[in-house]
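Commentary on secondary and tertiary structure
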Amino acid sequence: MDVDVVVVGAGLSGIGAAYRLQTECPDRTFAVLEARDAMGGTWDLFRYPGVRSDSDMFTLGYQFKPWTAEKSIADADTILGYIHETAAEFGIEQHIRYRTKVVGADWSSADAQWTLRLETPDGPRTMTCGFLYSCAGYFDYDRGHTPEFPGLEDFEGEVVHPQFWPEDLAYDDQRVVVIGSGATAVTLVPAMAERAAHVTMLQRSPTWIGAVPGRDKLADTLREKLPPKLAHRVIRAKNILFTLGFYNFCQRFPDRARSMLLGLTTKQLRDPAMVEEHFTPTYDPWDQRFCAVPDADLFRCIRHGDAEVVTDHVDSFVPSGIRLKSGRVLEADLVITATGLTLKPFGGIAPSVDGETVDLHDQFVWQGAMLTGIPNFAVCIGYTNASWTLRADLTHRLVCRVLNHLSLHDLAAAEPKPRGELEERPLLDLTSGYIQRAIDQFPRQGDRGPWRVRQNYLIDSVTTLNRRLASSMVFTPRKTQDVIRIDA
Ligand SMILES: Cc1cc2nc3c(=O)[nH]c(=O)nc-3n(C[C@H](O)[C@H](O)[C@H](O)COP(=O)(O)OP(=O)(O)OC[C@H]3O[C@@H](n4cnc5c(N)ncnc54)[C@H](O)[C@@H]3O)c2cc1C
């Protein structure tokens, strides 16, 4: 076997997984295989103006590496710097193999090992490992989502998708239309408004958007007064509780959450009619991912007249811009299609077991991490209602726990198996279009215990690492390789 564990992807999650593997499973060898020629994933790929997190970095950052930069909501370059610094500080770089894309993975029950098919600069290669851990993110790096727009070929200006931002794109004094109303659109509009002649955000329907402070003043005070590690822990705890509290408030009291958010937006925009028309979604807060705008930058640039929001549908592109269903034509030199990501489960690796491709949608997720029907395989999927890394780090530690359990009991493989029938539910329960378009490609969650994906860090932090593994897993002993249940 080439290595004990292969981690797919050197993004925020892959680097975190490597740290946990080397600290919690020091007896295991591992490699991080990365398709691109750089680490950082999301934070290296996206280059559009203003690109930033919308979670606070005390929770999107690692538990084990304090976030010390000024801003709590940080730009991509600062996040990328933090990922690089982590990899260098903990000696993770030496484990990364760049330009190595995993394109296939077959589990052999007889050998209790994975054979990975790789695309490398030297041509196709194979590699074997005992455990495969996908930290490949959730979207397609090669393809964004752009709906079919009639007449696009007639448009005389330029059309750009934010995922493929041209390095030399000049938009000074241009009329820009940004199609979309998600996190990318609300980031782009104020950033581009600084240089463009005018920016219009064209949305089909409104999204819940709220202002958050870009800099956390309480965090600044705590960082002045406490040692870095302690300050980081206290600020993390505060932010975890606040985010979870806000999410639960929205879910339990949607009417009160609506009126609170609408009140805050009206205070920012000082125009109730505009709020009603463009900032009052039909769905309840947090039924889709909530958009945070640091220091109310979006609202400020709308108030100053540098940007406007139009709620309408594209009828067709025309040479001078976009004709809307209402008949209005938005004149544009540049159109940005912030119309979303294309979801891609597990880096496009379709795992097979003993030569049979596993249909991921037929499988259930155990503890949000391992899948039925696939031994020694885990995936890192972060929270949708809180910082991705909170869940990712629990999953890394769970993987380490499973690996240590295998070592301790001289076992070769572990595979989740429910006792009794599970009632099936979609893995992600947000109603957002980009999730609904792809949910059939993802495995499902069950209705109870370790088969539920709760999106609740407080519950998960207590249960994830403390459940008895044997109650919902089957193990293969190293020698006989007969499947048995072991009571541990
Ligand atoms: C613009 C933007 C802003 C975001 N902001 C936030 C935020 O504020 N808060 C939040 O919680 N989440 C946010 N997210 C979600 C974000 O993707 C996660 O927070 C986090 O960065 C994911 O890290 P990751 O390492 O799991 O995945 P990624 O960052 O996607 O990294 C995956 C890595 O795996 C590699 N890879 C993929 N497939 C293969 C393969 N087959 N073989 C080898 N390598 C492969 C990729 O090249 C990439 O380097 C944002 C996403 C985007 C697009």
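Structure: above.
Residues numbered from 1 in each chain as written. Predicted model: local features only at pLDDT ≥ 70, side-chain atom pairs only at ≥ 80, totals over all residues. Heavy atoms only, no water.

This part covers the packing of aromatic side chains. Counted under the stated rule, the structure contains 23 aromatic pairs. Their ring planes at 80 degrees and their centres at 6.0 Å tell us that Phe46 and Tyr48 sit as a pair that is edge-to-face. Of the two residues, Phe46 and Tyr48, both sit in the buried class. Judged by centre distance (6.1 Å) and plane angle (70 degrees), the rings of Phe346 and Phe377 are edge-to-face. Residue Phe346 is found in the loop between strand 18 (341-343) and strand 19 (352-353), and its partner Phe377 is found in strand 23 (residues 377-379); the two are separated by 31 residues along the sequence. Accessibility classification places Phe346 together with Phe377 in one group, the buried group. An aromatic cluster of three or more residues is present, and its members are Tyr19, Tyr62, Phe64, Trp67, Tyr82 and Phe90. Positioned over the ring face of Tyr171 is Arg195, at 4.5 Å from the centre of the ring. Looking at Arg444, its charged tip hangs above the ring of Phe364, at a distance of 4.6 Å from the centre. (Phe/Tyr/Trp six-rings, centres within 6.5 Å; stacked < 30°, edge-to-face > 60°. Buried < 20%, exposed > 50% of the residue type's maximum accessible area, 1.4 Å probe, protein only. Helix = DSSP H or I, 4+ residues; strand = E, 2+ residues; numbered from the N terminus. Lys NZ or Arg CZ within 6 Å of the ring centre and 35° of its normal.)

Within the structure, the ligand sits among 32 residues, and Ser13, Glu34, Asp54, Ser55 and Tyr141 are positioned closest to it. Glu34 places a polar side-chain atom, nitrogen or oxygen, 2.6 Å from an oxygen atom of the ligand. A distance of 3.5 Å separates a nitrogen atom of the ligand from a polar side-chain atom of Arg289. Protein coverage of the free-state accessible area of the ligand, which is 970 Å², stands at 95%. Put simply, the parts of the chain that give the shell around the ligand at least two residues each are helix 1 (12-24), helix 2 (42-45), strand 4 (101-108) and strand 7 (139-144). (Near = heavy atom within 4 Å. Polar contact = N/O pair within 3.5 Å; in protein donor to acceptor, adjacent residues only side chain to side chain. Areas by Shrake-Rupley, 256 points an atom, 1.4 Å probe, with all protein chains shown as cover.)

Further remarks concern the pattern of salt bridges. Applying the stated criterion across every chain, the model contains 25 salt bridges. One salt bridge in this structure joins Arg195 and Asp172, with 3.0 Å as the shortest N-O distance. Of this pair, Arg195 sits in the loop between helix 5 (183-193) and strand 10 (198-203) while Asp172 sits in the loop between strand 8 (158-160) and strand 9 (175-179), and the two are 23 residues apart along the sequence. In this structure Arg195 comes out as partly exposed when scored by relative accessible area, which is 40%. Three or more residues joined by partner-sharing salt bridges are found here, namely Arg20, Glu24, Asp393 and Arg397. (Salt bridge = Lys/Arg side-chain N within 4 Å of Asp/Glu carboxyl O.)

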